[in-house]
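Below, each chain spelled out in residue letters.
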Amino acid sequence: MKEKTRIIGEYTSNKKGPLLFVTAGVHGNEPSGVKALKKVFSELEKTKPEIDGTIVGVMGNKAALEKDQRYIDEDLNRTWTEDNVKNQDPETQEQREMHEIINVLEGHPKSQYSKRYFLDCHTTSSDSLPYISVQDVHDNVKWSHRFPTYIVKGFSDIVYGAIDHYMSRTGLTGFVFEAGQHTSEASVENHEGMIWLALQEANNLDVEKVSCYPECVERFNENNAPSQKTFEIVYRHEIKKGDSFKMEPGFKNFQKIKKGQLLATSNGGEIKSEWDAYIFMPLYQSQGNDGFFIIEEV
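Note that the structure is predicted; figures quoted are calculated from it, not measured.

### Some remarks on the environment of Ile151
Phase 1 of the analysis: Mapped onto the secondary structure, Ile151 falls in strand S6 (residues 150-153).
Phase 2 of the analysis: For Ile151 and Val56, which are 95 residues apart along the polypeptide, the C-alpha to C-alpha distance reads 24 Å.

### Concerning the packing of helix H2 (residues 32-47) against helix H9 (residues 185-203)
Phase 1 of the analysis: Two elements in contact, H2 and H9, have axes separated by 8 Å at closest approach and are oriented at 50°. If you check the angle between H2 and H9, you find them oblique. Classified by chirality, the crossing of H9 by H2 is right-handed. Touching Ser32, Gly33, Lys35, Ala36, Leu37, Lys39, Val40, Glu43 and Leu44 of H2 are Ser187, Val188, His191, Glu192, Ile195, Trp196 and Leu199, all from H9.
Phase 2 of the analysis: Counted by class, the contact of H2 with H9 contains eight nonpolar, four polar and four charged residues.

### Thoughts on the packing of aromatic side chains
Any two aromatic rings considered together are summarised by their centre-to-centre distance and by the angle between their planes.
Phase 1 of the analysis: Evaluation of the coordinates by the stated rule reveals 14 aromatic pairs.
Phase 2 of the analysis: Over the ring of Tyr117 we find Lys115, and its NZ or CZ is 5.7 Å from the ring centre.

### Here we look at the nonpolar core
Phase 1 of the analysis: Counting residues in each nonpolar core, the largest one holds 39 residues, and the members touching the most others are Ile55, Leu119, Phe175, Ile195 and Leu199.
Phase 2 of the analysis: Sorting elements by how many residues they give to this core places H9 first, with eight residues.
Phase 3 of the analysis: For Ile195, the residues in contact, after removing those within four places along its chain, are Val22, Ala36, Leu37, Val40, Ile55 and Leu119.
Phase 4 of the analysis: Residues Leu19, Phe21, Leu105 and Phe118 belong to the second largest nonpolar core, which totals 18 residues.

### Overview of the sheet that holds strand S7 (residues 173-181)
What holds strands together in a sheet is hydrogen bonding between their backbones, with the strands either parallel or antiparallel.
Phase 1 of the analysis: Within the open sheet, the 11 strands sit side by side as S1-S3-S2-S4-S7-S5-S6-S8-S14-S13-S10. Their pairing is mixed. Only two strands of the sheet have a single neighbouring strand rather than two, namely strand S1 (7-12) and strand S10 (255-257). Here the strands of the sheet are splayed against their neighbours by 30° on average, with no regard to which way each runs.
Phase 2 of the analysis: Here seven bridges tie strand S8 (residues 230-238) to strand S14 (residues 290-297), and the two strands are oriented antiparallel to one another. For Tyr235, the partnering residue across the bridge sits in S14 and is Ile294.
Phase 3 of the analysis: Helix-sheet contacts for helix H5 (residues 93-106) involve S1, strand S2 (19-24), strand S3 (54-59) and strand S4 (116-124), and the interaxial angle to S2 is about 165°.

About the criteria used
Residues numbered from 1 in each chain as written. Predicted model: local features only at pLDDT ≥ 70, side-chain atom pairs only at ≥ 80, totals over all residues. Heavy atoms only, no water. Helix = DSSP H or I, 4+ residues; strand = E, 2+ residues; numbered from the N terminus. Axes fitted to C-alpha atoms, helices over the stretch in contact; angles between N-to-C directions. Parallel < 35°, antiparallel > 145°, perpendicular 65-115°, else oblique. Left-handed = near helix turned anticlockwise from the far one by under 90°. Contact = heavy atoms within 4.5 Å. Nonpolar A, V, L, I, M, F, W, Y, C, P; charged D, E, K, R; others polar. Phe/Tyr/Trp six-rings, centres within 6.5 Å; stacked < 30°, edge-to-face > 60°. Lys NZ or Arg CZ within 6 Å of the ring centre and 35° of its normal. Core = buried A, V, L, I, M, F, W, Y, C linked by side-chain atoms within 4.5 Å. Buried < 20%, exposed > 50% of the residue type's maximum accessible area, 1.4 Å probe, protein only. Pairing = 2+ DSSP bridges.

If you want it as structure tokens, here you go:
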């Protein structure tokens, strides 16, 4: 079965409890979550710590990961619409990948677990502090505040078809974790730290039993987790088909911007900020239809 090769690892102590469903590489140019999951499962199999329930690690866009490109036909993080999920005759590579991931999740039904959590691992094209992107439904936001990093609300309310939107509407609790820049080794470490923290919070893992634990998590806490702040998206600049878009150089996630500041050019025209706020996810890669977002502190 194709779904078997998609599973990076699965671990349980055969005790009842929650499911922690971790996805990585939903964008094929973001391999750090896959690397982190392989490290986590290697450690779990080596030290055999007790956990409540089960953790499953799942590869996202396998075809795009093999080619080190964001996607093949369309963005896998935009395909999770109700129409696409219902369609059993997928039209694109990403829709086929989506159905395979759903099949893995459906192999772990709600009835088998006390609760189901998800964690979707991503990275960014520009240098960035780590942050959680969370949809404000169910107990997602409350859950996200158990983790020591920036929190951004509202992405899936603006961009429909993201994997976390699907997970939330099918009853799982969780969020997306953006660990840093695509190719940074720190991103792998940040993903690993977040996965261990999620195992501690969701599956009652005694982290002292894990030989590599406090190191990567302590660095995560000390280097990357400022005093916890929550932001909300107030604007998205969409790149439409045929647009010629170029971000001004040098922007980083959570960088303060001023009203009137030049942010980008599109089709020969200047795009200036209408806000005294923060810039979020500035686009510095060839693929993608989100030029940038504007966020404000809540």
